[in-house]
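The residues making up each chain are set out below.
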Amino acid sequence: MKGLWLENNQLQFRTDLDIPEPPPGEARVRVLRAGICNTDLELLRGYYPYTGILGHEFVGIVEQGPEHLVNQRVVGEINAVCGKCRFCRSGKPTHCENRTVLGIVNRHGAFAEYLCLPVENLHCVPENISTEAATFTEPVAAALEIQQQVPLSANDRVLVVGDGKLGQLVAQTLALTGCDLLAVGRHRDKLANLEARGIKTGLADAVTDRAFDISVECTGNPEGFAIARRALRPRGTLVLKSTYSGNLSLDASSLVVDEITLIGSRCGPFPAALELLATGKVDVQPLIHARYPLTQGLAAFENAQSRGVLKVLLEISH
(Lines give C-alpha, C1' and ligand atoms only; values in the text may rest on other atoms or scores of the structure.)
Protein backbone atom coordinates (compact mmCIF):
# COMPACT_ATOMS: atom_id res chain seq x y z
CA MET A 1 0.00 0.00 0.00
CA LYS A 2 0.94 3.66 -0.31
CA GLY A 3 1.87 5.78 2.70
CA LEU A 4 4.11 8.46 4.21
CA TRP A 5 6.99 6.91 6.12
CA LEU A 6 9.16 8.74 8.67
CA GLU A 7 12.65 7.49 9.48
CA ASN A 8 15.63 9.39 10.87
CA ASN A 9 13.60 12.62 10.68
CA GLN A 10 13.19 12.10 6.93
CA LEU A 11 9.74 11.75 5.39
CA GLN A 12 9.27 9.67 2.25
CA PHE A 13 6.35 8.58 0.09
CA ARG A 14 6.36 4.80 -0.27
CA THR A 15 4.34 2.38 -2.39
CA ASP A 16 5.71 -0.87 -0.93
CA LEU A 17 4.15 -0.86 2.55
CA ASP A 18 2.35 -3.97 3.78
CA ILE A 19 -1.42 -3.76 4.18
CA PRO A 20 -1.90 -4.27 7.94
CA GLU A 21 -3.62 -7.38 9.24
CA PRO A 22 -5.67 -6.57 12.35
CA PRO A 23 -4.79 -8.61 15.44
CA PRO A 24 -7.61 -9.95 17.66
CA GLY A 25 -9.74 -7.13 19.05
CA GLU A 26 -8.74 -4.69 16.30
CA ALA A 27 -10.29 -3.54 13.04
CA ARG A 28 -8.76 -2.56 9.72
CA VAL A 29 -9.86 0.83 8.46
CA ARG A 30 -9.55 2.18 4.92
CA VAL A 31 -8.52 5.79 5.42
CA LEU A 32 -10.56 8.42 3.56
CA ARG A 33 -9.09 11.69 4.87
CA ALA A 34 -6.37 12.60 7.32
CA GLY A 35 -5.20 15.91 8.74
CA ILE A 36 -1.65 17.11 9.28
CA CYS A 37 -1.21 18.22 12.88
CA ASN A 38 1.50 20.24 14.63
CA THR A 39 2.53 17.04 16.43
CA ASP A 40 3.29 15.48 13.02
CA LEU A 41 5.49 18.47 12.21
CA GLU A 42 7.24 18.21 15.59
CA LEU A 43 7.90 14.49 14.99
CA LEU A 44 9.54 15.50 11.72
CA ARG A 45 11.79 17.84 13.73
CA GLY A 46 12.68 15.12 16.25
CA TYR A 47 10.28 15.88 19.11
CA TYR A 48 10.06 12.10 19.76
CA PRO A 49 12.03 9.28 18.12
CA TYR A 50 9.55 7.61 15.78
CA THR A 51 9.92 5.36 12.77
CA GLY A 52 6.87 4.40 10.75
CA ILE A 53 3.73 5.81 9.16
CA LEU A 54 2.77 9.22 10.54
CA GLY A 55 -0.73 10.61 11.12
CA HIS A 56 -3.40 10.40 13.82
CA GLU A 57 -6.29 12.67 12.72
CA PHE A 58 -8.42 10.63 10.33
CA VAL A 59 -11.79 9.40 9.17
CA GLY A 60 -12.16 6.09 7.37
CA ILE A 61 -14.37 3.10 6.60
CA VAL A 62 -14.07 -0.18 8.48
CA GLU A 63 -13.18 -2.94 6.04
CA GLN A 64 -12.40 -5.77 8.45
CA GLY A 65 -13.80 -6.04 11.96
CA PRO A 66 -17.06 -6.64 13.87
CA GLU A 67 -20.13 -6.94 11.67
CA HIS A 68 -21.82 -3.86 13.17
CA LEU A 69 -18.86 -1.69 12.15
CA VAL A 70 -18.02 -3.05 8.69
CA ASN A 71 -18.69 -0.42 5.97
CA GLN A 72 -19.29 2.23 8.65
CA ARG A 73 -17.53 5.60 8.59
CA VAL A 74 -15.45 5.93 11.75
CA VAL A 75 -12.97 8.10 13.59
CA GLY A 76 -10.59 6.67 16.18
CA GLU A 77 -9.08 7.49 19.54
CA ILE A 78 -5.32 7.39 19.15
CA ASN A 79 -4.23 5.60 22.35
CA ALA A 80 -4.34 1.80 22.17
CA VAL A 81 -4.23 0.59 25.76
CA CYS A 82 -3.61 -2.61 27.71
CA GLY A 83 -6.60 -2.42 30.06
CA LYS A 84 -4.57 -3.96 32.88
CA CYS A 85 -2.07 -1.39 34.22
CA ARG A 86 -2.78 0.91 37.17
CA PHE A 87 -3.84 3.80 34.91
CA CYS A 88 -6.24 1.66 32.88
CA ARG A 89 -7.71 0.17 36.07
CA SER A 90 -8.19 3.62 37.60
CA GLY A 91 -10.05 5.04 34.59
CA LYS A 92 -7.14 6.97 33.07
CA PRO A 93 -6.43 4.89 29.94
CA THR A 94 -4.82 7.74 27.99
CA HIS A 95 -1.89 7.34 30.40
CA CYS A 96 -1.68 3.55 29.99
CA GLU A 97 1.87 2.45 30.79
CA ASN A 98 1.89 0.04 27.86
CA ARG A 99 0.03 2.13 25.30
CA THR A 100 0.84 2.54 21.66
CA VAL A 101 -0.23 5.78 20.00
CA LEU A 102 -1.43 6.03 16.42
CA GLY A 103 1.31 7.53 14.25
CA ILE A 104 3.26 8.68 17.31
CA VAL A 105 4.41 5.77 19.52
CA ASN A 106 4.97 2.21 18.23
CA ARG A 107 1.87 2.11 16.01
CA HIS A 108 1.62 2.93 12.31
CA GLY A 109 -0.61 5.91 11.63
CA ALA A 110 -3.18 7.35 9.26
CA PHE A 111 -1.09 8.74 6.38
CA ALA A 112 -1.54 5.50 4.45
CA GLU A 113 -4.33 3.64 2.70
CA TYR A 114 -5.08 1.47 5.74
CA LEU A 115 -4.60 1.49 9.50
CA CYS A 116 -5.53 -0.75 12.42
CA LEU A 117 -6.97 0.26 15.79
CA PRO A 118 -8.71 -1.55 18.64
CA VAL A 119 -12.45 -1.83 18.05
CA GLU A 120 -13.09 -0.04 21.35
CA ASN A 121 -11.26 3.03 19.98
CA LEU A 122 -13.59 3.50 17.03
CA HIS A 123 -16.59 5.84 16.93
CA CYS A 124 -19.15 5.91 14.13
CA VAL A 125 -19.52 9.27 12.40
CA PRO A 126 -23.08 10.65 12.21
CA GLU A 127 -24.38 11.03 8.64
CA ASN A 128 -24.73 14.80 8.93
CA ILE A 129 -20.99 15.31 9.54
CA SER A 130 -19.01 15.62 6.31
CA THR A 131 -15.94 13.47 5.85
CA GLU A 132 -13.75 16.59 5.87
CA ALA A 133 -15.27 17.87 9.10
CA ALA A 134 -14.91 14.44 10.72
CA THR A 135 -11.12 14.62 10.35
CA PHE A 136 -11.24 17.30 13.06
CA THR A 137 -12.77 14.99 15.68
CA GLU A 138 -9.46 14.26 17.41
CA PRO A 139 -8.34 17.91 17.77
CA VAL A 140 -11.85 19.04 18.81
CA ALA A 141 -11.78 16.32 21.48
CA ALA A 142 -8.35 17.54 22.59
CA ALA A 143 -9.75 21.06 22.91
CA LEU A 144 -12.66 19.76 24.99
CA GLU A 145 -10.28 18.04 27.40
CA ILE A 146 -9.63 21.44 29.01
CA GLN A 147 -13.21 21.48 30.25
CA GLN A 148 -12.69 18.01 31.76
CA GLN A 149 -9.70 19.31 33.72
CA VAL A 150 -10.65 22.86 34.70
CA PRO A 151 -14.06 23.96 35.99
CA LEU A 152 -15.24 27.01 34.03
CA SER A 153 -18.01 29.51 34.69
CA ALA A 154 -19.28 32.81 33.31
CA ASN A 155 -17.27 34.58 36.02
CA ASP A 156 -13.92 33.27 34.75
CA ARG A 157 -11.70 35.47 32.61
CA VAL A 158 -10.02 33.13 30.15
CA LEU A 159 -7.21 33.80 27.66
CA VAL A 160 -6.33 31.63 24.67
CA VAL A 161 -2.87 32.31 23.25
CA GLY A 162 -2.43 31.23 19.63
CA ASP A 163 -4.58 31.57 16.50
CA GLY A 164 -3.40 28.38 14.80
CA LYS A 165 -5.36 25.17 14.24
CA LEU A 166 -5.53 24.19 17.89
CA GLY A 167 -5.99 27.70 19.27
CA GLN A 168 -8.99 28.19 16.98
CA LEU A 169 -10.68 25.01 18.20
CA VAL A 170 -9.83 25.70 21.85
CA ALA A 171 -11.35 29.18 21.58
CA GLN A 172 -14.50 27.90 19.87
CA THR A 173 -15.08 25.18 22.47
CA LEU A 174 -14.32 27.44 25.46
CA ALA A 175 -16.71 30.08 24.11
CA LEU A 176 -19.55 27.58 24.56
CA THR A 177 -19.04 27.68 28.36
CA GLY A 178 -20.07 31.34 28.55
CA CYS A 179 -16.78 32.39 30.14
CA ASP A 180 -15.29 35.87 29.60
CA LEU A 181 -12.99 34.87 26.74
CA LEU A 182 -10.21 36.62 24.83
CA ALA A 183 -8.21 34.90 22.06
CA VAL A 184 -4.96 36.47 20.92
CA GLY A 185 -2.62 35.72 18.02
CA ARG A 186 -0.42 37.21 15.33
CA HIS A 187 -2.65 36.96 12.27
CA ARG A 188 -5.69 39.21 11.87
CA ASP A 189 -7.11 37.03 9.09
CA LYS A 190 -7.11 33.97 11.38
CA LEU A 191 -8.54 35.93 14.30
CA ALA A 192 -11.33 37.03 11.96
CA ASN A 193 -12.59 33.42 11.95
CA LEU A 194 -13.21 33.72 15.69
CA GLU A 195 -14.60 37.25 15.52
CA ALA A 196 -17.20 35.95 13.07
CA ARG A 197 -18.39 33.65 15.87
CA GLY A 198 -18.65 36.51 18.36
CA ILE A 199 -15.39 35.75 20.18
CA LYS A 200 -13.28 38.68 21.40
CA THR A 201 -9.83 38.70 19.81
CA GLY A 202 -6.69 40.79 19.75
CA LEU A 203 -2.95 40.85 19.20
CA ALA A 204 -0.52 40.16 22.04
CA ASP A 205 -0.60 43.78 23.21
CA ALA A 206 -4.30 43.35 24.01
CA VAL A 207 -3.37 41.16 27.01
CA THR A 208 -3.47 42.86 30.40
CA ASP A 209 -0.93 41.37 32.82
CA ARG A 210 -2.25 39.55 35.89
CA ALA A 211 -5.86 39.93 34.76
CA PHE A 212 -6.96 36.39 33.82
CA ASP A 213 -8.09 33.41 35.90
CA ILE A 214 -7.13 30.82 33.27
CA SER A 215 -4.83 30.99 30.28
CA VAL A 216 -4.43 28.31 27.61
CA GLU A 217 -1.14 28.18 25.70
CA CYS A 218 -1.65 26.86 22.15
CA THR A 219 1.45 28.11 20.32
CA GLY A 220 4.14 25.66 21.42
CA ASN A 221 6.71 28.47 21.50
CA PRO A 222 8.38 30.37 24.37
CA GLU A 223 6.79 33.71 23.42
CA GLY A 224 3.31 32.24 23.68
CA PHE A 225 4.14 30.71 27.05
CA ALA A 226 5.43 34.06 28.33
CA ILE A 227 2.20 35.83 27.30
CA ALA A 228 0.02 33.13 28.87
CA ARG A 229 2.02 33.19 32.10
CA ARG A 230 2.14 36.93 32.63
CA ALA A 231 -1.60 37.22 31.95
CA LEU A 232 -2.46 35.18 35.05
CA ARG A 233 -3.55 36.59 38.36
CA PRO A 234 -2.19 34.92 41.55
CA ARG A 235 -3.63 31.41 41.97
CA GLY A 236 -4.49 31.34 38.29
CA THR A 237 -4.35 28.23 36.09
CA LEU A 238 -2.05 27.82 33.09
CA VAL A 239 -3.06 25.08 30.65
CA LEU A 240 -0.38 23.83 28.25
CA LYS A 241 -2.05 22.48 25.13
CA SER A 242 0.91 22.28 22.73
CA THR A 243 3.86 19.98 22.30
CA TYR A 244 7.26 21.72 22.39
CA SER A 245 10.12 20.59 20.16
CA GLY A 246 12.81 21.94 22.53
CA ASN A 247 13.24 22.72 26.21
CA LEU A 248 11.28 25.61 27.69
CA SER A 249 12.86 28.08 30.13
CA LEU A 250 10.55 29.46 32.77
CA ASP A 251 10.67 31.43 36.01
CA ALA A 252 9.77 28.66 38.46
CA SER A 253 9.98 31.01 41.45
CA SER A 254 7.16 33.18 40.09
CA LEU A 255 4.98 30.08 39.76
CA VAL A 256 5.59 29.39 43.46
CA VAL A 257 5.09 32.97 44.64
CA ASP A 258 1.85 33.40 42.64
CA GLU A 259 0.74 29.83 43.44
CA ILE A 260 0.06 29.08 39.79
CA THR A 261 -1.52 25.77 38.83
CA LEU A 262 0.17 24.28 35.75
CA ILE A 263 -1.83 21.70 33.78
CA GLY A 264 -0.72 19.65 30.80
CA SER A 265 -3.59 18.73 28.48
CA ARG A 266 -3.85 16.48 25.43
CA CYS A 267 -6.39 13.78 24.41
CA GLY A 268 -10.09 14.32 25.06
CA PRO A 269 -13.64 12.93 24.68
CA PHE A 270 -14.62 11.80 21.17
CA PRO A 271 -18.41 11.48 21.71
CA ALA A 272 -18.64 15.11 22.86
CA ALA A 273 -16.50 16.24 19.92
CA LEU A 274 -18.73 14.42 17.42
CA GLU A 275 -21.79 16.00 19.07
CA LEU A 276 -20.36 19.51 18.57
CA LEU A 277 -19.53 18.77 14.93
CA ALA A 278 -22.97 17.24 14.31
CA THR A 279 -24.82 20.22 15.80
CA GLY A 280 -22.60 22.82 14.10
CA LYS A 281 -21.54 24.36 17.41
CA VAL A 282 -17.94 24.20 16.17
CA ASP A 283 -17.15 25.32 12.62
CA VAL A 284 -14.05 23.71 11.13
CA GLN A 285 -14.46 24.56 7.43
CA PRO A 286 -12.62 27.93 7.64
CA LEU A 287 -9.61 26.08 9.09
CA ILE A 288 -9.03 24.00 5.94
CA HIS A 289 -6.37 25.74 3.88
CA ALA A 290 -5.39 23.03 1.40
CA ARG A 291 -6.10 19.49 0.22
CA TYR A 292 -3.62 17.10 -1.37
CA PRO A 293 -3.80 13.52 -2.63
CA LEU A 294 -1.64 11.08 -0.65
CA THR A 295 0.73 10.83 -3.63
CA GLN A 296 1.59 14.53 -3.06
CA GLY A 297 2.06 14.03 0.68
CA LEU A 298 5.56 15.54 0.75
CA ALA A 299 4.25 18.74 -0.86
CA ALA A 300 1.39 18.73 1.65
CA PHE A 301 3.87 18.64 4.54
CA GLU A 302 5.88 21.45 2.99
CA ASN A 303 2.74 23.57 2.74
CA ALA A 304 1.68 22.67 6.30
CA GLN A 305 4.99 24.07 7.58
CA SER A 306 4.48 27.40 5.83
CA ARG A 307 3.80 30.43 7.99
CA GLY A 308 0.12 31.25 8.35
CA VAL A 309 -1.22 27.93 7.01
CA LEU A 310 -3.92 26.25 9.08
CA LYS A 311 -5.14 22.70 8.38
CA VAL A 312 -3.82 20.72 5.42
CA LEU A 313 -5.80 17.57 4.58
CA LEU A 314 -4.64 14.45 2.77
CA GLU A 315 -7.25 12.89 0.50
CA ILE A 316 -6.36 9.22 0.68
CA SER A 317 -9.31 7.36 -0.84
CA HIS A 318 -12.98 7.79 -1.79
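Residues numbered from 1 in each chain as written. Predicted model: local features only at pLDDT ≥ 70, side-chain atom pairs only at ≥ 80, totals over all residues. Heavy atoms only, no water.

It is worth spelling out the pairing of strand S5 (residues 57-64) at this point. Burial analysis of S5 places 6 of its 8 residues in the buried class, which makes it a mostly covered element. Across 7 bridges, strand S3 (residues 26-36) lies against S5 in antiparallel orientation. Bridge pairing links Val31 to Gly60 in S5. (Buried < 20%, exposed > 50% of the residue type's maximum accessible area, 1.4 Å probe, protein only. Helix = DSSP H or I, 4+ residues; strand = E, 2+ residues; numbered from the N terminus. Pairing = 2+ DSSP bridges.)

The next thing to look at is the sheet that holds strand S1 (residues 3-7). The antiparallel open sheet is built from 3 strands, whose spatial order is S2-S1-S4. At either end of the open sheet lies a strand with only one pairing partner, and these are strand S2 (10-14) and strand S4 (52-53). Of the strand pairs in this sheet, S1 and S2 are connected by 5 bridges, and their pairing is antiparallel. The residue bridging Leu4 from the neighbouring strand is Phe13, located in S2. Relative to the sheet, helix H10 (residues 297-304) contacts S1 and S2, its axis offset from that of S2 by approximately 145°. (Contact = heavy atoms within 4.5 Å. Axes fitted to C-alpha atoms, helices over the stretch in contact; angles between N-to-C directions.)

Bringing the UniProt feature "domain: Alcohol dehydrogenase-like N-terminal" (unreviewed entry) in the chain into the picture now. Look at the UniProt record and you will see "domain: Alcohol dehydrogenase-like N-terminal" (unreviewed entry) annotated at residues 24-126. Annotation note: span residues 24-126, helix share 11%, strand share 36%, distance between end C-alpha atoms 26 Å. (UniProt positions renumbered as here; feature names shortened; annotations may be inferred.)

What follows concerns the domain arrangement of the chain. On domain assignment, one finds that the chain holds domain 1 (3-124 + 284-315) and domain 2 (143-264). Each of domain 1 and domain 2 was reduced to a C-alpha centroid, and the two centroids are 27 Å apart. Summed over both sides, the interface of domain 1 with domain 2 buries roughly 1100 Å², with 58% coming from carbon and sulfur. Our enumeration of links across domain 1 and domain 2 arrives at 0 salt bridges. (Domains from an automatic or database assignment. Buried area = accessible area lost by both parts, 1.4 Å probe. Salt bridge = Lys/Arg side-chain N within 4 Å of Asp/Glu carboxyl O.)

Right, let's get into the pairing of strand S9 (residues 114-118). Two faces belong to every sheet, and in a regular strand the side chains alternate between them. With 5 of 5 residues buried, S9 is to be regarded as a mostly interior element. What you see with S9 is no split at all: Tyr114, Cys116 and Pro118 on one side and Leu115 and Leu117 on the other are buried throughout. Relative to S9, S3 is paired through 5 bridges, and the arrangement is antiparallel. Directly across from Arg28, in S9, lies its bridge partner Cys116.

Here we take up the nonpolar core. Judged by nonpolar contacts, the single largest core of 44 residues is most densely connected at Phe58, Phe111 and Phe301. For this core, the secondary structure elements donating two or more residues are S1, S3, helix H1 (38-44), S5, S9, strand S17 (288-293), H10 and strand S18 (311-315). (Core = buried A, V, L, I, M, F, W, Y, C linked by side-chain atoms within 4.5 Å.)

Let's shift gears to unusual backbone geometry. The phi torsion at Asn71 lies on the positive side, around 70°, for a residue other than glycine. Turning to its location among the elements, Asn71 is positioned in the loop between S5 and strand S6 (73-76). Given the relative accessible area of 62%, Asn71 is considered exposed. A positive phi angle, near 55°, is found at Asn106, a position not held by glycine. Given the relative accessible area of 65%, Asn106 is considered exposed.

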